[in-house]
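Results of the structural survey
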Amino acid sequence: LPGYIANPIKTLTQSIKQIAAKNYNERIHFEGNDEFAELANAFNSMAEKLGEYENSNLAKLMFEKKRIETIINNMNDPVIGISEENKVLFANNEALKILGLKDTDLIGKHIQQVSGMNDLFRSLVSDSSPSVNNKKEPLKIYANGKESYFEKEIIEINAYQNTDDKRPLGHVIALKNITPFKELDFAKTNFIATVSHELKTPISAIKMSLQLLKAEKTGETNTEQKQLLESIADDTERLLKITGELLNLSAVETGNIQLNLQDAEPLQIVSYATEAVKVTAEQKNITLSVKAPVTLPLVKADAEKTAWVLINLLTNAIRYSPEYSEVVIELSQQDSKVLFTVKDTGKGIDARYRERIFDRYFQVPGSNKTGTGLGLAISKEFIEAQGGAIALESEIGMGSRFYFSLNI
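The text that follows walks through the structure, step by step, so that each part is easy to find. This structure is a prediction, so every number in the text was calculated from the model and none was measured. (Residues numbered from 1 in each chain as written. Predicted model: local features only at pLDDT ≥ 70, side-chain atom pairs only at ≥ 80, totals over all residues. Heavy atoms only, no water.)

1. Digging into the nonpolar core
Condition: Put simply, a nonpolar core is a bunch of buried Ala, Val, Leu, Ile, Met, Phe, Trp, Tyr and Cys residues held in one set by side-chain atoms that sit within 4.5 Å of each other. Each residue's exposure class comes from its accessible area (1.4 Å probe, protein chains only) as a fraction of the maximum for that residue type: buried when under 20%, exposed when over 50%, partly exposed otherwise. Per the convention used, a helix needs a DSSP run of H or I reaching at least four residues, while a strand needs a run of E reaching at least two, with both numbered from the N terminus. Note on contacts: a residue pair qualifies if any of its non-hydrogen atoms lie within 4.5 Å across the two residues.
Within the largest apolar cluster, 41 residues are counted, with the highest numbers of intra-cluster contacts made by Leu-310, Leu-314, Phe-340, Ile-357 and Phe-404. Those elements that place two or more of their residues in this core are α9 (266–283), β8 (299–301), α10 (303–320), β9 (326–334), β10 (337–343), α12 (375–385), β11 (389–395) and β12 (399–407). Counting residues per element, this core draws most heavily on α10, at seven residues. Not counting chain neighbours up to four residues away, the residues in contact with Leu-314 comprise Ala-273, Thr-274, Val-277, Val-327, Ile-329 and Val-342. Counting 20 residues, the second-largest nonpolar core is a separate cluster that includes Val-88, Val-114, Phe-121 and Val-125.

2. Remarks on unusual backbone geometry
Although it is not a glycine, Asn-86 sits at a positive phi angle of roughly 60°. With respect to the helices and strands, Asn-86 occurs in the loop between β1 (79–83) and β2 (88–91). Backbone geometry at Tyr-324 places phi at a positive 60°, although glycine is not the residue there. Tracing the chain through its elements places Tyr-324 in the loop between α10 and β9.

3. Some thoughts on the pairing of strand β3 (residues 139–143)
In plain terms, the rule: Think of it this way: DSSP has to see at least two bridges between two strands before they count as a pair.
Both β3 and strand β4 (residues 146–156) contribute to a ladder of five bridges, which runs antiparallel. From the neighbouring strand, Tyr-142 faces β4, where its bridge partner is Glu-147. Linking two consecutive strands that pair antiparallel, namely β3 and β4, is a turn of two residues; a positive phi of about 55° is found at Asn-144 within it.

4. Points about the packing of aromatic side chains
The description of two aromatic rings rests on the distance between their centres and on the angle between their planes. Let me state the cut-off plainly: Any Phe, Tyr or Trp ring, taking Trp's six-membered ring, that has another such ring centre within 6.5 Å forms a pair; planes under 30 degrees apart are called stacked, those over 60 apart edge-to-face, and the others tilted.
In the structure shown here, the tally under the stated rule is three aromatic pairs. For the pair Trp-308 and Phe-382, a centre-to-centre distance of 5.6 Å together with 70° between the ring planes defines the contact as edge-to-face. One end of the pair, Trp-308, is in helix α10; the other, Phe-382, is in helix α12, with 74 residues separating them in the sequence. Classification of Trp-308 by relative accessible area gives partly exposed; the value is 24%.

5. Some words on the sheet that holds β11
To summarise the sheet geometry, strands pair through backbone hydrogen bonds and adopt either a parallel or an antiparallel arrangement. Under the convention used in this document: To get an axis, fit a line to the C-alpha atoms, keeping to the stretch in contact for a helix; angles then go from 0 to 180 degrees between the N-to-C directions.
One open sheet holds the five strands; their spatial order is β7-β9-β10-β12-β11, and the pairing between them is mixed. Every other strand in the sheet has two partners, leaving β7 (287–291) and β11 as the edge strands with one partner each. On average, each strand axis in the sheet is inclined to that of its neighbour by 15°, with strand direction left out of account. Bridge analysis of β9 against β10 gives seven bridges, and the strand direction is antiparallel. Of the residues in β10, the one forming a bridge with Gln-333 is Val-338.

Written as structure tokens, this is what we have:
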């Protein structure tokens, strides 16, 4: 009697464990028509239903998986999925194409293993943490039979394994192909450079003709004629400045900044810049004050381009300062750098615009828009090309302080 009761219970226990292990093909067979036979039939019916449900769910999951894979593979931009264990989950056809790999070389492999055999993949995952700022220079990759440009974006997968473990399940590296935009940008840059270069010659000729007209040997001019000549001369200088800025911008955008780095005397750079803006300052009765220690180390710089930056900062300071005020140029040494500072007493710059002040073509709303909005952008490029940095501090009603540093 104990065996008659215990043996079916043992069989049922083992079969329940098989069901728990998702082996839904498990079945129980008891002879007779007693309660155990009924229990076996009920168990077998349950196992069959669970098997059907599992197969149905699996089919749905496989269908959804296939659909997602199809969507990803039909995307025009390369996409790579990385798990939380730093293994490659998926890579679409575009990603495989630019990497020059097969899916068997990539899927399921650890990123270090793939990095060891593919330089491009190594550069893509080298800073692929979602915490890293995505706004970087475009990647230059040979794709589609030509040199192409891609912007990398890192998307964190914010689905969590459970409520206690809040670690992300991985991230996706998406590359956006911006080659068409880059090509248009290059065309624009070349057009600007060509037009600016062509304009500079006739403008310079106009300037030369004006100087001849002003000369006494050419003949006397009355008051109205002198005013007209002065007005034409001012406009000519402005046109020359604009074309010069556009040419500088073209050099910046094409990466063709020609630097002549030499040992330069900081005070000589300041002296050249202040001399260039002296007349403009005198017209508004603005005092230019230079504050510097007795001795300063030489800087490794392109003196001409650094002076251009300083002139641009001083011109802005004079333009936005009230009459009979003071613009201070200060030099100081900070560790292995020399700091150039221009301080004005103008109305200052609103906090909303400070981050954009070095953007190309940006001009503070409500300001005296006499320029192109390129001066500060070009200044930033010139200073950074020399290994320095440029920044500003400003408060409304308290003036502005622009400063840049160069290496000793």
